[in-house]
Amino acid sequence: VQLQASGGGLVQAGGSLRLSCAASGGTVSSYTMGWFRQAPGKEREFVATISWSGGRTYYSDSVKGRFTISRDNRKNTVDLQMNSLKPEDTAVYYCAAGRPVLSSYRNKDAYNYWGQGTQVTVSS
């Protein structure tokens, strides 16, 4: 499975962006899909995840209420709608696929497939 993330860019604080992750080379309909981000000099951190059916979603405290993760298994895609962006959201955003157990969905090591990343820059 290959993942391709897109939709990043430069936006002012308070603005919105929508990231998209497209899968190819196989279906991700049975995988948990996640978004992580990595700012310069920092560890890659969990942002959001969605279960294979789309019925369960989880968010980091820092993005809860501002970001929304969704998926379309017919199109083999997962999106991240980001609203009310802040300068501290600036990072490279990565999509990932895996089958983490419930206790490890925040753990990047629980995901098997990764996209190449897309840069999000929020100016103040």
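Treat the numbers as computed from the prediction; the structure is a model and nothing was measured.

> It is not clear to me how the side chain of N76 should be interpreted in this structure. Could you clarify?
One can find N76 in the loop between β7 (67-72) and β8 (77-82). On the basis of relative accessible area, N76 is assigned to the buried category, the value being 14%. The residues touching N76, leaving out its near neighbours within four places in the chain, are C21, A22, A23, G26, T27, V28 and S29.

> Even after reading the chapter, I still don't get the nonpolar core, so can you show me in this structure?
Inside soluble globular proteins, nonpolar side chains tend to come together where they are buried. By size, the foremost hydrophobic cluster in this structure holds 29 residues, and its most contacted members are M33, W35, L80, M82 and Y93. Contributing elements (two or more residues each) for this core: β1 (2-6), β3 (17-24), β4 (32-38), β5 (45-50), β7, β8, β9 (91-98) and β11 (118-123). When sequence neighbours within four positions are dropped, the list of residues in contact with M82 reads G15, S16, L17, L19, R66, F67, Y93 and V120. One finds F36, F46, A96 and Y111 within the second-largest nonpolar core, a separate group that totals 6 residues.

> What exactly am I supposed to notice about the sheet that holds β1 here?
Strands belonging to one sheet form pairs held by backbone hydrogen bonds; the direction of such a pair is parallel or antiparallel. With antiparallel pairing, the 4 strands of this open sheet are ordered in space as β1-β3-β8-β7. Looking along the sheet, the strands with just one partner apiece sit at the ends: β1 and β7. Neighbour-to-neighbour, the strand axes of the sheet open up by a mean angle of 15 degrees, direction not taken into account. For β1 and β3, the ladder comprises 5 bridges, and the chain directions are antiparallel.

Criteria and cut-off values
- Counting restarts for each chain, with residues numbered from 1 along the sequence as it is written.
- Per-residue local features are limited, in this predicted model, to residues with pLDDT of at least 70; the limit for side-chain atom pairs, both in listing and counting, is 80 or more; totals at the level of whole chains, interfaces and linings are taken over all residues.
- Neither water nor hydrogens contribute to the side-chain values; these are computed over all heavy atoms in the structure.
- Helical segments are the DSSP runs of H or I of at least four residues, strand segments are the runs of E of at least two, and each set is numbered from the N terminus.
- Between buried and exposed lies partly exposed: a residue is buried under 20% and exposed over 50% of the maximum accessible area for its type, with that area taken using a 1.4 Å probe on protein chains only.
- Residue contacts are counted whenever heavy atoms from the two residues lie within 4.5 Å of one another.
- For our purposes a nonpolar core is just a set of buried Ala, Val, Leu, Ile, Met, Phe, Trp, Tyr and Cys residues, chained together by side-chain atoms within 4.5 Å.
- In this scheme, strands are said to pair when DSSP sees at least two bridges between them.
- Axes here mean lines fitted to C-alpha atoms, for a helix over just the part in contact, with angles spanning 0 to 180 degrees between N-to-C directions.

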